Amino acid sequence: MELKLNTYVRSVLVHIESKSEDYLMSAWRIFDEMQRRDVVLWNAMITGYEQNGPSDEGISLFCDTRRANCEPSGITLNRALSWDSYVLRKDLQREVYVATALIDMYAKCGSLSEALRIFE
């Protein structure tokens, strides 16, 4: 008999497993199987990728929240802005690939003024 996990238990598992690079893919599988994703679940995955995985995946997930009609919370926006501030602090915005990724992220998320700021 297959154990059916409810949304709350799955969310907790995603949150715990996304904190470790070794379990990030396991967290992704649970996240990917869930039909209903709230902002807390999105934040867990975005933060997991920001801290333990390829950050471009975290940026992509951030943009996906909008496509999934999930309104980003302050925590969600904080994660996205931390990538931008890291780039600015390290003066990486002059790197064409980094700048392009930031422009793409902001444009996909509807923040055209921020995309234009990076472009200029």
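Residues numbered from 1 in each chain as written. Predicted model: local features only at pLDDT ≥ 70, side-chain atom pairs only at ≥ 80, totals over all residues. Heavy atoms only, no water.

- For the protein chain, an unreviewed UniProt entry supplies the name Pentatricopeptide repeat-containing protein and the organism Kalanchoe fedtschenkoi.

## Notes on the side chain of threonine 65
- Note on placement: threonine 65 falls in helix H4 (residues 55–67).
- Given the relative accessible area of 1%, threonine 65 is considered buried.
- At 2.6 Å, the side chain of threonine 65 forms a polar contact with the backbone oxygen of phenylalanine 62.
- Setting aside anything within four residues of it in sequence, one finds threonine 65 in contact with Trp42, Ile46, Cys70 and Pro72. (Helix = DSSP H or I, 4+ residues; strand = E, 2+ residues; numbered from the N terminus. Buried < 20%, exposed > 50% of the residue type's maximum accessible area, 1.4 Å probe, protein only. Polar contact = N/O pair within 3.5 Å; in protein donor to acceptor, adjacent residues only side chain to side chain. Contact = heavy atoms within 4.5 Å.)

## Quick word on the packing of helix H1 (residues 7–17) against helix H3 (residues 39–52)
- Between H1 and H3, the shortest axis-to-axis distance is 8 Å and the interhelical angle comes to 20°. The orientation of H1 with respect to H3, classified from their angle, is roughly parallel. Along this stretch, H1 crosses H3, giving a crossing that reads as left-handed. Counting all contacts with H1, which are made through Ser11, Val14 and His15, the residues of H3 involved are Leu41, Ala44 and Met45.
- Here the residues of the contact of H1 with H3 sort into 4 nonpolar, 2 polar and no charged. (Axes fitted to C-alpha atoms, helices over the stretch in contact; angles between N-to-C directions. Parallel < 35°, antiparallel > 145°, perpendicular 65-115°, else oblique. Left-handed = near helix turned anticlockwise from the far one by under 90°. Nonpolar A, V, L, I, M, F, W, Y, C, P; charged D, E, K, R; others polar.)

## Here we look at the nonpolar core
- Counting 25 residues, the largest nonpolar core has Val14, Phe31, Met45, Leu61, Phe62 and Met105 as its most contacted members.
- Of all the elements in the fold, those that place two or more residues in this core are helix H2 (24–33), H3, H4, helix H6 (96–108) and helix H7 (112–119).
- For this core, the element with the most residues is H3, which contributes 6 residues. (Core = buried A, V, L, I, M, F, W, Y, C linked by side-chain atoms within 4.5 Å.)

## Quick word on unusual backbone geometry
- Unlike most non-glycine residues, asparagine 69 shows phi in positive territory, near 60°.
- Along the chain, asparagine 69 falls in the loop between H4 and helix H5 (74–89).

## Points about a nonpolar patch on the surface
- A cluster of nonpolar side chains, contributed by Tyr8, Val9, Val12 and Ile16, occupies part of the molecular surface with about 380 Å² of accessible area.
- Looking at the secondary structure, you find isoleucine 16 in helix H1.
- Given the relative accessible area of 51%, isoleucine 16 is considered exposed. (Patch = residues over 30% accessible without salt bridge, like charges linked within 9 Å, V, L, I, M, F, W, Y side chains within 5 Å. Areas by Shrake-Rupley, 256 points an atom, 1.4 Å probe, with all protein chains shown as cover. Salt bridge = Lys/Arg side-chain N within 4 Å of Asp/Glu carboxyl O.)

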